[in-house]
Amino acid sequence: MAAFVKAINAKIRAHPVANYVCSTHFWGPVSNFGIPLAAVMDTQKNPDLISGPMTFALCIYSATFMRYSLAVTPKNYLLFLCHFVNEGAQLTQGYRYLQWTQWGGREKAELAGAVDAGKEKVGKVEDKVKELAAAATTGKK
């Protein structure tokens, strides 16, 4: 049985593409792509959920492994791409975090919410006034 498995493995590894797909140079980055995919999806969420320290740590992590992916032999371009996408997403998240916490984004959102609430109340008052005016003109005739 061991000879059979060894023969099958040798046949698979004889083809360069199949050999690459069966290696950790392929499956490591593929499994690691969950991090940048989650980061890209998180750019659509409320910036109040962003953790500044974690975003900073992931920026350092991705920059380090982008360098590592090009330093190993053979160069792992799939790993580089994975961390390049993650670096971009984390820098975007870092900007959103700073805008929300340091540059007045939270205050602007609260002000916009208060203005919308005020407009809604004004609309309700206008509707009530129109209703009372219609009732008053109907009651006089």
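Residues numbered from 1 in each chain as written. Predicted model: local features only at pLDDT ≥ 70, side-chain atom pairs only at ≥ 80, totals over all residues. Heavy atoms only, no water.

(A) Fine view of the environment of H25. Here H25 is to be found in helix α3 (residues 24–32). In this structure H25 comes out as partly exposed when scored by relative accessible area, which is 24%. (Helix = DSSP H or I, 4+ residues; strand = E, 2+ residues; numbered from the N terminus. Buried < 20%, exposed > 50% of the residue type's maximum accessible area, 1.4 Å probe, protein only.)

(B) Local environment of the packing of aromatic side chains. In this structure the tally under the stated criterion is 4 aromatic pairs. Plain terms: the ring middles of Y61 and F65 are 5.2 Å apart, the flat faces sit at 55° to each other, and that makes the pair tilted. In this pair, Y61 and F65 both sit in helix α5 (residues 52–71), 4 residues apart, roughly one turn of the helix. With a relative accessible area of 27%, Y61 lands in the partly exposed category. Note on F65: relative accessible area 32%, which makes it partly exposed. Between the aromatic rings of F65 and Y68, the centroid separation amounts to 5.7 Å while the plane-to-plane angle is 75°, which identifies the pairing as edge-to-face. In this pair, F65 and Y68 are both assigned in helix α5, 3 residues apart and thus about one turn of the helix distant. Taken together, Y61, F65 and Y68 form an aromatic cluster joined through their ring pairs. (Phe/Tyr/Trp six-rings, centres within 6.5 Å; stacked < 30°, edge-to-face > 60°.)

(C) Main features of α3. Those residues of α3 not exposed but buried are F26, P29 and N32. Down the axis of α3, the buried set is contained in an arc of 145°. They therefore lie on one face. Exposed side of α3, more than 90 degrees from the buried face: T24 and S31 are the residues found there. (Arc of directions from axis to C-beta.)

(D) Spotlight on the side chain of S69. The residue S69 is located in helix α5 in this model. You can call S69 buried: its relative accessible area is 0%.

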